Amino acid sequence: MLRTILALLQIKGIGDAFIKKNLTYLSQSGLSYNELCNLDKRITPDELSKNYLYAEKIIQRCKELGISICHIGESNYPKKLKEINSAPSVLYMRGNTSLLSSDIVSIIGTRQATGMGEAIAHKIGSYMSAHCSICNGLVEGIDKAAISDNDIVFSNVIGVISGGLDYINTSSKITSRLADIVLQNNGLLLSEFEPDKKEDAFSGSKASRIQAGIADALILVQSSIDGGSKYTLETFSRLNRVLGVVNYPESNEFCSHDSFSANRLIIEKKARGLADMCKIKDVGKIVLREIVEIRNSDDYIKIINQLCRNISSNLFE
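Below or above, wherever it landed, is the structure these notes cover. (Residues numbered from 1 in each chain as written. Predicted model: local features only at pLDDT ≥ 70, side-chain atom pairs only at ≥ 80, totals over all residues. Heavy atoms only, no water.)

Remarks on helix α6 (residues 115-129)
Then comes step 1: For α6, built from 15 residues, the straight-helix expectation of 21 Å at 1.5 Å per residue is met to within 8% by its first-to-last C-alpha distance of 21 Å.
Then comes step 2: Looking only at α6, the buried set comprises Met 116, Gly 117, Ile 120, Ala 121, Ile 124, Gly 125, Met 128 and Ser 129. (Helix = DSSP H or I, 4+ residues; strand = E, 2+ residues; numbered from the N terminus. Expected span 1.5 Å × (residues − 1). Buried < 20%, exposed > 50% of the residue type's maximum accessible area, 1.4 Å probe, protein only.)

Set out below in structure tokens:
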């Protein structure tokens, strides 16, 4: 089934929504080319024949790099990620995949972080990594500060890469360096892109939905209203989970600097502010269990307690 999904995804116009819609049919064994072609006029025997060969190359490349692959129909595909509307059909994983079974907090924010923003991110990341797994995109700014202390990466880190997992050749220098250290410290790297796909202007916003989808809770440290954090927040806002937002009203920088304008908007207007930032017209589509204002370390415990609630509820599923 993996080879079939990889082959279908190479066809223009065939994407994650198509795979998800036809997953039950695709799970049947021994489907012929003609049976697959009946699913959509864009699928042809010649195209499938060519794409199956390409799928084999992808699988072989993953073996060479120590990358495991799972598709959305497999039991090891993250259950939380399936809840998003556009869950990737295929997930590439490199490192400690057991972290996907733990409680996960995504810690996000601007690449143009201020010193204060980085200090807050570092403090939050250090605390959270001792209690659960932490996740972000391994880029400069808040992401880097939230997962590392200089060149030492915290434990239990999941990095969602916006290029393929041959990251030395597909990602920026900062992402590549952080990814190396994450793996050395028994962390995990994820991507929806085949190993040799280079990151581009659009792949970062796509990867952000994975950060949202695998997270039990998400913490916004520092962002402007038009910052890239809106992509992660837009997906996360529909998942009935817990959003933490840094609020530091005692600081002149927090109260006036544009780099905290998204924080101020969400703190002031709650769901309405989040909808405005993410360009969601119907505020009723915002589904969050709670918005937690993070002023000090006491508020970290509120996030951890919410994760414990997740564990309790899962016992009865």
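Quick notes on the pattern of salt bridges
Working definition: two side chains of opposite charge can pair if their charged atoms are close together.
Then comes step 1: One pass over the structure, following the stated rule, counts 18 salt bridges.
Then comes step 2: Among the salt bridges present, the one from Arg 241 reaches Glu 83, with a minimum N-O distance of 3.1 Å. Taken together, the residues span a long stretch of sequence, with Arg 241 in the loop between α11 (229-236) and β10 (242-246) and Glu 83 in the loop between β1 (68-71) and β2 (90-95) at a distance of 158 residues.
Then comes step 3: A relative accessible area of 48% means that Glu 83 is categorised as partly exposed.
Then comes step 4: The partner of Arg 209 in a salt bridge is Glu 192, with the nearest N and O atoms 2.5 Å apart. With Arg 209 in helix α10 (residues 203-213) and Glu 192 in the loop between β8 (188-191) and α10, the pair connects residues that are 17 residues apart, well separated along the chain.
Then comes step 5: If you follow the salt bridges from partner to partner, you end up with Asp 16, Glu 192, Lys 206 and Arg 209 in one network. (Salt bridge = Lys/Arg side-chain N within 4 Å of Asp/Glu carboxyl O.)

Considerations on the side chain of Ser 203
Then comes step 1: Summarising the element assignment, Ser 203 is placed in helix α10.
Then comes step 2: Within polar-contact distance, the side chain of Ser 203 engages the backbone oxygen of Ser 162 at 2.7 Å.
Then comes step 3: With near-sequence residues (within four places) excluded, Ser 203 lies in contact with Ser 162 and Phe 193. (Polar contact = N/O pair within 3.5 Å; in protein donor to acceptor, adjacent residues only side chain to side chain. Contact = heavy atoms within 4.5 Å.)

Focus: the pairing of strand β3 (residues 104-109)
Then comes step 1: Burial within β3 is extensive, with 6 of its 6 residues counted as buried.
Then comes step 2: As defined by bridge partners, β3 adjoins strand β4 (residues 133-136) across 3 bridges and the pair is classed as parallel. Along β4, the bridge assignment pairs Ile 104 with Ser 133.
Then comes step 3: Handedness of the crossover joining β3 and β4 through α6 is recorded here as right-handed.
Then comes step 4: Judged from the 5 bridges that link them, β3 and strand β9 (residues 217-222) form a sheet pairing that is parallel. Bridging across to β9, Ile 107 finds its partner in Ile 219. (Pairing = 2+ DSSP bridges. Right-handed = clockwise from strand over helix to strand, strands pointing away.)

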